[in-house]
Every structure is written in structure tokens, then in C-alpha cells.
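Coordinate analysis (summary)
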Amino acid sequence: MQKFPALCAGALAVSAAFCALPAQAQSVEELVGQVKAMREQLDAQRARIDELERDVRTARAMAPQAVPQPAPAQAPVPARQDQPMLAGGTVSKETLDGARGTGNAPLNPATSSPLAGGLSVPASGAQLDAMRGTGGAPQQPAAPAAPVGGPASAPTAPTNTAPAAAGATAAVGRAPSENSRPREVAPIFEQPGVLTPRGKYVFEPAFQYAYSSSNRVALVGYTVIPALLIGLVDVREVKRNTSTATVTLRRGMTNRFEVEAKLPYVYRTDATVSREVFTGTAVERAFETSGKAIGDVELAGRYQLNDGGADKPYFIAGLRYKTRTGKDPFEVTTDCQRRCVGENITGSGLPLELPTGSGFHSLQPSLTWLFPSDPAVFFGSFSYLHNFKRDVSRTVLNGEKESLGEVAPGGVFGFNFGMGLALNDKASFSVGYDHNSVARTKQNGVTVPGSVRMQLGTLLIGYSYRLNNKKTLSVAVGAGLTRDTPDVTLMVRVPMSY
């Protein structure tokens, strides 16, 4: 603010010089030169005032961070011989450039602003930025740098800057850090795609509901004509409802590796309407059963294999182990009195209580891929589920055990793919397809008669909404596309990070 008196004094001097022009006649060339020089000086003073106004605005913007101390009074700068004359003198190009603010204007170490008078003193690039209001104002005088137009390596930046200037300087000229984590999408498959960060926990309560129905018609007899059947007709209709509440805990061991533990609780109900085989009665028999208990506990680990990025896929390898902590299908009691297979069958073989587990230990390796292509993310996986064989026996009504020998369930080869799209910074949408191919079951090394390969196909649509920085709500709906697949599935998840 101490520069305004100097500028006002310069303006008054210009006005006094204009009024003191000699009244006697002079040559036209001399008058034109003097007027031109005065106009140039006035333009220089206006430019200086504009620069001082910018410095004042910059100082006010930085007032919350650092309050500048008032500069000590300075002696007026003596006029130099190379300064422009008020009238009748010549003005050099360097002096005019310095006055206009386009040359090397010096900085006052106390106020970090140009000195009054427009002296042509070399200045560093950081000092010029401070004068223009684009850089940080140095707190201490920096060493003189090479003049403008010198070698590129000559300018040096000040060592001490204000806090705000330090943040701005750090952002300029620094390459953005590479994001090694793929973008999160609305989850629609069982396995997650984005790993948990190192040292973080994710607690995910979830609820899944599945409904399936099947109809079977068995014709036992012979036809006399195409429209007439002699014999028995067995019609069986089964409706299944399965509700599963799951608690999942994941922890990021590193930025590339996470572990997971899942504990499910299963509640199942089955309703079967059938007519017993080889009976002539027309009365239908309804059979209802249910079961509820802890399901099969699962342990899993996932590792990110590479550093993906824009137009670069991410590959994540996973390994899942499933126990048989749930109620075994071979431990529940059936409605058979003596036998359910072979001769002298008494009963339908339906269980009186539904199981909640598979009854076999399983191991499933998988490979998940994610390909970000702004604004969408494509994802999918390949997996194979191997069930370990074991000796099993079935329980009948009188408590006897009917040995079934060594049973080896068929392996399950699965794949899925989908696309996720972010609607805004909180909501996302995903659509995908999941397919599993179940191989035939073997008993004592021989394929079970009537066992066939099953194909399970499901179309999935999911939505996700971020409630806050640590909690997200995800909903996925699946529609079965094959007869062996549940008709509809509904999954609700609420992952919470800590």
C-alpha cells in the first residue's frame, strides 16, 4: 500500500510537466514526441495500479493463512539515469517493459510486491508468479535468478512458501498417482469384484430368497389309440422356498490380497403334491416339510494379479473352501420304512426334514476379470467347483441305516459376465448372466442311472446406492432361464466398511 503515494507523485509530476510546457512556439515534431512520451508514461502508471490491485486481492485471499507484517518505511528510490524523462527525453524499451509489468520487475523482500519506480532488476519465475497472483508469495528473498531469456535451467524456486502455495505447487507438474483399484459396481454375483483395502474390514449382512417350482408327469401303461391310455398316471408338483441369511466378514491383508469368512443360516420349506406310484386311486397326496439350521461355512481368499487401469483389465484369482457344517442330506430321516432303493420300496423317499447343507466338502478356484471402459465397467469370472467324494448312508423311519456306498457329486463348471454403469456419484446399475453346468453324479465309481448333466442359467439385474462413505445398499434380482434353475431369486446386501 506504500506504493500508491509514489504513483500519485509520478502522476502529479506528469501533470505539472504538461502544464509547464513553454508557451513559445516549438516544432511540431518535438510536441508530438513529448505527448507520445507522456502517454506512454500514463499507460505505465495505469498498468502499475492494476498490478497493485491484484496484489491487494491476493493478500486478502491469503489473510486466513498468513497475515503479512507491515513493511518498514523505506527511503525513496533515487531516480536513475535510465528512467524515462517527463518531457523532452528518450525512453528505452527495457524501461517501458518494466513499467508495463512485462519485463523483469523486482520484488521487495518485505512485502513480496514490485518496487515503485519500475526498476529493471532480474527476477525469478516464482517471483513473477507472485506478482501476477498465480503462485505463492515467498516469505524470504530468493537468490537472484537468470534474466528472462536465459538458460532454461537458470531460474530457481524459493525454498520457503506459504501453506496454500505449497499445496498448489505440489499439484502443478506432478503426474497423477496410478489407481491400482478397479471401480466399484453394483454386485450381482456371489463373489465380489473389488478387493478390500489394506487394514480395512468389510462387514456384510445379506438376505437371499429363492423360489422354484417343477412339475412331473409319469405315464405307466400302454395306448390303444393315440387318445386312449390304459394304465396309471403319476403327477407330481413341487414348490420350494429357500431363505438364507448370511453374515460375511472380509479383511484386506494387503492392497492386493483379502480373506473372507461367510456364515449362512438357512430356512427351507417344500410342498409336494403327488399320487403314489402304481396305485389306482385318484386322491392326491400333499406332503410338506421344512428345515432350518446353520448352513455350510465358507472360507475364501482373493489376490489381484496385475495393475489394471484405463482400458486395461484387472485379473483377480480366488480360492473358496466350503465345509459341511450344515445339516447333511443323508442324515435327515426319510419316509421310507425299510428301503428307498431296490426291491420292496415302501414310501416315496422324500425327507421328513429338509437339509441345510450339501453334505460334501468343496473347493472352488476362480478367476475374475474387470475391464473399465468409461463410463461402463465390464466384468466376469470363470470357476470350477470340485466336490470331494465320501461314503454315505441314508436313515429310514425305523432308525436303520441304508448304505449307499461311495458317492461323488459331479463337478460344477461356471462362468458369468456382466456390465456395470455408474448413474451418478452414489447410484450404479448392473446387468449380467450367470451359468453353471453340473456334471453327473457317480456312486461306487459308476454313474447313477437317471443322473444327467444339468444346465443352470440365470439373468441378473442389480442396483446399488451409497448411503454414506461407509455403507452401501445393493439389491439384485435373478430370473431362471432353464427348468432346473430357481424361477426367481432376490438378494439384498448392506456392506459396511471399517
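Residues numbered from 1 in each chain as written. Predicted model: local features only at pLDDT ≥ 70, side-chain atom pairs only at ≥ 80, totals over all residues. Heavy atoms only, no water.

**Description of a nonpolar patch on the surface**
A surface patch of nonpolar side chains, about 740 Å² in accessible area, is lined by Tyr 201, Phe 203, Val 247, Leu 249, Leu 263, Tyr 265, Ile 294 and Tyr 498. By relative accessible area, which is 42% here, Ile 294 ends up partly exposed. (Patch = residues over 30% accessible without salt bridge, like charges linked within 9 Å, V, L, I, M, F, W, Y side chains within 5 Å. Areas by Shrake-Rupley, 256 points an atom, 1.4 Å probe, with all protein chains shown as cover. Salt bridge = Lys/Arg side-chain N within 4 Å of Asp/Glu carboxyl O. Buried < 20%, exposed > 50% of the residue type's maximum accessible area, 1.4 Å probe, protein only.)

**Section: the nonpolar core**
Counting residues in hydrophobic clusters, the biggest one holds twelve residues: Ile 188, Phe 189, Leu 195, Ala 206, Tyr 314, Ile 316, Leu 370, Val 377, Phe 379, Leu 460, Ala 476 and Met 491. Secondary-structure elements contributing two or more residues to this core are β6 (314–322) and β8 (376–387). Among the nonpolar cores identified, the runner-up in size contains five residues, and Phe 330, Phe 360, Leu 404 and Val 407 belong to it. (Core = buried A, V, L, I, M, F, W, Y, C linked by side-chain atoms within 4.5 Å. Helix = DSSP H or I, 4+ residues; strand = E, 2+ residues; numbered from the N terminus.)

**Overview of the side chain of Ser 474**
Residue placement: Ser 474 occurs in strand β16 (residues 472–480). Among the polar contacts made by the side chain of Ser 474, one reaches the side chain of Ser 464 at a distance of 3.3 Å. For Ser 474, the residues in contact, after removing those within four places along its chain, are Pro 187, Tyr 463, Ser 464, Met 491, Val 492 and Arg 493. (Polar contact = N/O pair within 3.5 Å; in protein donor to acceptor, adjacent residues only side chain to side chain. Contact = heavy atoms within 4.5 Å.)

**With respect to the pairing of β8**
Across ten bridges, the pairing between strand β7 (residues 362–373) and β8 is antiparallel. By the bridge assignment, Thr 368 is partnered in β8 with Ser 381. Hairpin remark: β7 followed by β8, antiparallel, with two residues in the connecting loop. Note that β8 and strand β11 (residues 412–422) share ten bridges and pair antiparallel. If you follow Gly 380 over to β11, its bridge partner there is Phe 417. (Pairing = 2+ DSSP bridges.)

**Re the pattern of salt bridges**
Counted by the stated rule, this structure contains 16 salt bridges. The shortest N-O distance in the salt bridge between Arg 250 and Glu 204 comes to 3.1 Å. Pair noted here: Arg 250 is in strand β2 (residues 228–252) and Glu 204 is in strand β1 (residues 201–225), with a separation of 46 residues, a long-range link. Under the relative-accessibility criterion, Arg 250 is labelled buried at 8%. Take Glu 204: its relative accessible area is 9%, and that puts it in the buried class. In this structure, Glu 258 engages Arg 302 in a salt bridge whose closest nitrogen and oxygen atoms are separated by 3.1 Å. Residue Glu 258 is found in strand β3 (residues 257–274), and its partner Arg 302 is found in strand β5 (residues 298–304); the two are separated by 44 residues along the sequence. Judged on exposure class, the residue Glu 258 and its partner Arg 302 are both buried. Overlapping salt bridges bring together Glu 204, Arg 250, Glu 258, Glu 260 and Arg 302 as one network.

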